[in-house]
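# Architecture at a glance
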Amino acid sequence: MNNPRILMLDHSATSTHDLSGQLTTAGCSVAQASSWQAANQILGSSSIDLILANLAFLPQINQQECPVPVLYLSQANEQPSTHPSNQPTSIDILTLPISTESLVLTLKTIIERSNLSRRLSRVEVWMQTMLANVSDGVVAVDRAGTIQWINPVAERMTGWDYQAAIKQDFNQVVVIRSSLNDQRINVIDAALRNEPVLALPFERYLHARDGHSTSITEHVTPLLNAEGQNNGAIVILRDHTAQLQMEEALYHQSLHDSLTGLPNRRSFQLHLSRALEYQRHHQDYSFAIILLDIDEFKMVNDGLGYHIGDTMLTDIAQRLRRGLALPSDVVARFDGDEFAIFFDRVPDLPAAFNAAQRIRQLFEEPFVVENGQEIFCNVSIGLELITSEMPIETVMRNVDLALYRAKHTGRGGIEIFDQTLYANFSTRLHNESALRLALQRQEFRLFAQPIIDFEQQHCTGFEILIRWAHPDGRLRSPGQFLDIAEETGLIIPLGWWMLEVAAEQLAQWQTDPLMQNMTLAINLSPRQLLHSQLLPTIEALVERYQFPRQLLHLEITEGALLHAERAEPILNALRNLGLPLHIDDFGTGYSSLTYLHRFPLNTIKIDRSFIQAALEDQRSLAIVRTIINLAQTMQLATIAEGIETAEHIQVLRELGCQAGQGYFFSPPVPLEQAADFSLSLN
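Residues numbered from 1 in each chain as written. Predicted model: local features only at pLDDT ≥ 70, side-chain atom pairs only at ≥ 80, totals over all residues. Heavy atoms only, no water.

## Overview of the overall build of the protein
When helices and strands are counted, the protein shows 25 helices and 28 strands. For a compact globule of 682 residues, the expected C-alpha radius of gyration is about 26 Å, and the protein comes in at 50 Å, more than 25% above that figure. When its C-alpha atoms are laid out on the principal axes, the protein stretches across 160 × 65 × 55 Å. Looking at the protein as a whole, 45% of its 682 residues qualify as buried. For the protein, the proportion of contacts with a sequence separation of at least 24, taken over those separated by at least 6, is 60%. Working note: accessible area of the protein is about 35200 Å², and carbon and sulfur atoms make up 50% of it. Across the protein, the centroid of the 49 positively charged side chains sits 3 Å from that of the 78 negatively charged ones. (Helix = DSSP H or I, 4+ residues; strand = E, 2+ residues; numbered from the N terminus. Rg over C-alpha atoms; globule rule 2.2 N^0.38 Å. Buried < 20%, exposed > 50% of the residue type's maximum accessible area, 1.4 Å probe, protein only. Contact = heavy atoms within 4.5 Å. Areas by Shrake-Rupley, 256 points an atom, 1.4 Å probe, with all protein chains shown as cover. Lys, Arg positive; Asp, Glu negative; His and termini not counted. Charge placed at Lys NZ, Arg CZ, Asp CG, Glu CD.)

Take a look at the structure:
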């Protein structure tokens, strides 16, 4: 340590003069005072490490706390009137005479011990303050299990205050019981025996003095001395209630929809699993599952905003709750506008169907949203009655198939699952996979059916038709695969391929003077017509193959024109490119005079069903006459499909139809043979 700073306190400076000189010579800094009052002034203004005081000052010094240690000096056989042990900072009485070396060593030892004591006191205060303010309860016990210290949190948790808990047996104050069997648990026993403290796998409760209990976790640490001997243990008690509440909240969130508060898909499937397990042991038990989808709900989100959609979903959830019949019935929200309902103890299919109708009736009243606006909506419902045990995946697949069927057979319908539905779906899935492979293997073939001009009596062009050269050796007609291609989106790559083959064929015919004015008509599906790449694709094909664009005719079905707002600018752009537009199968779909007036069409193709019935059915003949007259009035050309007899040609010519196609002239021929066929026909 640095040189000690000593304050010598004596009535006469001369009596300690020699001692002061010795200390100064030994490197000590020495100050002197002749009274306790003067000494206090020096202590207040200077940094002093120790007081060397005449034994006569002992009574005065004992009357107040001294901030530094005091060493009393006495002559041989001199006895104090009051023992200095009453003074906490006094160390002992030093009897003179003493050598300078011994004196300095004694002073340094006393100062170091005093400094260490002060540091330990500060650490103790800091530790107690810290432990008193931690959020966990802390209890210290000796090796006999007797409580030596307890912090305020542990006081609140146990209901024992500090004074009452001190010196009490730990297990009397800290009562911990198992959640399994309510037995008391001695959590400090292993620690006091210096054995490993194992984590307990079950929940524990701390029972307070007033009877209430708290879910806790505890941590026990043995207190070991330098030799590794056990001196007791520290027990930390953590209130687990908030964590349990958070875990319960998270678990609830994992099983419920945040918007509607309904059970979610996972929760529904857990409930369904329990019902199936119950059914395994009770063969007479049956229940029904409903999967429902709000028809055209996307229009609500897109047109009115997602906040309106969310409000409606919440209202829908409330209505569906009202549709439950038993307390054990469950309604859940899966995704978006898809909901599922579990109807418990449904005896038969009529009862299940009645439950589905009851749900559908909930949507007969409008939903009232912002500003009092009323919104009506329908639901498509898939229904399944489960009367025997089956895997949960099968149950969900079946009801999902029923919903899929309901949505595609008409909005607002109820479809009941049966094995025929599954068989049809399996066939469709097989065909879809086969279609994808067919595209990869290039199994599709293009055929051409000639279009004959009645006036000139020769072939003016062809309609391109697609066939599937199936690996089984048979050609599949478009009706066997185009619907699936349209639904799955495979019609897009298939349609691009057909357009490119047509463009390439037209380019080849430009080198043949007899074929260079021949037209090719190709069908555009509804999905293809509205595709964002249609116009860029056709422009690129015209640029690449350099054929006269008026030779590529595009045929559009009436169904493709239902989305008039989207279709109109596309049709106008195609017409501006110079491509003639035909409306195909006119009269069989959503016929509307608006189409003929609104869209830039060139030709009406009269459906084969009217042509084939025209000779025997006056109503069909009247329809054909009306279509031709309408086309003439609007300066549109007409092409009749399905011509099979000379009588068909005669009637159509008399009515003013310009051209036709059908098996009377020729069945479709492979596209690569179209030129030879045209030359022979003409």
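## Considerations on the environment of His256
Along the polypeptide, His256 turns up in the loop between helix H9 (241–255) and helix H10 (265–281). When the C-alpha positions of His256 and Thr626 are compared, they lie 60 Å apart, and in sequence the two are 370 residues distant. Look past the residues within four positions of His256 in its chain and what remains in contact with it is Gly261, Leu262, Pro263 and Asn264.

## Focus: the packing of aromatic side chains
Taken as a whole, this structure holds ten aromatic pairs when the rule is applied. With 5.9 Å between their ring centres and 35° between their planes, Phe444 and Trp468 make a pair best called tilted. You can see Phe444 sitting in strand E19 (residues 444–453) and its partner Trp468 sitting in strand E20 (residues 458–469), a full 24 residues away along the chain. Trp468 carries the same exposure label as Phe444, and that label is buried. Here Phe462 and Trp509 contribute two aromatic rings whose centre-to-centre distance is 6.1 Å and whose plane-to-plane angle is 50°, an arrangement assigned as tilted. (Phe/Tyr/Trp six-rings, centres within 6.5 Å; stacked < 30°, edge-to-face > 60°.)

## Let's talk about the sheet that holds strand E11 (residues 230–239)
Taken in spatial order, the six strands line up as E7-E6-E11-E10-E9-E8 in an open sheet, and their pairing is antiparallel. The sheet is open, and its two borders are formed by strand E7 (147–150) and strand E8 (175–178), each paired with just one other strand. Here the strands of the sheet are splayed against their neighbours by 35° on average, with no regard to which way each runs. Pairing analysis gives three bridges linking strand E6 (residues 137–142) to E7, with the strands arranged antiparallel. The partner of Val141 across the bridge, within E7, is Ile147. (Pairing = 2+ DSSP bridges. Axes fitted to C-alpha atoms, helices over the stretch in contact; angles between N-to-C directions.)

## What about helix H19 (residues 534–545)?
Over its twelve residues, H19 runs 17 Å from end to end, which matches the ideal 16 Å to within 8%, given 1.5 Å per residue. Every buried residue of H19 is accounted for by Leu534, Thr537, Ile538, Leu541, Val542 and Tyr545. In an axial view of H19, the angular spread of the buried residues amounts to 130°, which keeps them on one side of the axis. Of the residues in H19, the exposed ones pointing more than 90 degrees away from the buried face are Glu543 and Arg544. Count one or two residues on from H19 and you reach Gln546, which has phi positive near 55°. (Expected span 1.5 Å × (residues − 1). Arc of directions from axis to C-beta.)

## Comments concerning the pairing of strand E1 (residues 5–9)
The buried fraction of E1 amounts to four of the five residues, a majority that puts the element mostly inside the structure. Relative to strand E2 (residues 29–33), E1 runs parallel, the two sharing five bridges. When the bridges of E2 are listed, Arg5 appears paired with Ser29. As judged from the four bridges shared by E1 and strand E3 (residues 50–54), these two strands associate in the parallel manner. Across the sheet, residue Met8 finds its bridge partner in E3, namely Leu52.

## Looking at the sheet that holds strand E14 (residues 338–343)
Taken in spatial order, the five strands line up as E13-E14-E12-E17-E18 in an open sheet, and their pairing is mixed. Two strands lie at the open edges of the sheet, namely strand E13 (330–333) and strand E18 (414–416), each paired on one side alone. Across this sheet, the average inter-strand angle for adjacent strands is 20°, counted without regard to direction. Of the strand pairs in this sheet, strand E17 (residues 379–386) and E18 are connected by three bridges, and their pairing is parallel.

## Some points on the side chain of Asp607
In this fold, Asp607 is placed in the loop between strand E25 (603–606) and helix H22 (608–613). No salt bridge is formed by the buried Asp607. Its closest oppositely charged neighbour is Arg608, at 5.4 Å. For Asp607, the side chain forms a polar contact with the side chain of Ser609, separated by 2.6 Å. (Salt bridge = Lys/Arg side-chain N within 4 Å of Asp/Glu carboxyl O. Polar contact = N/O pair within 3.5 Å; in protein donor to acceptor, adjacent residues only side chain to side chain.)

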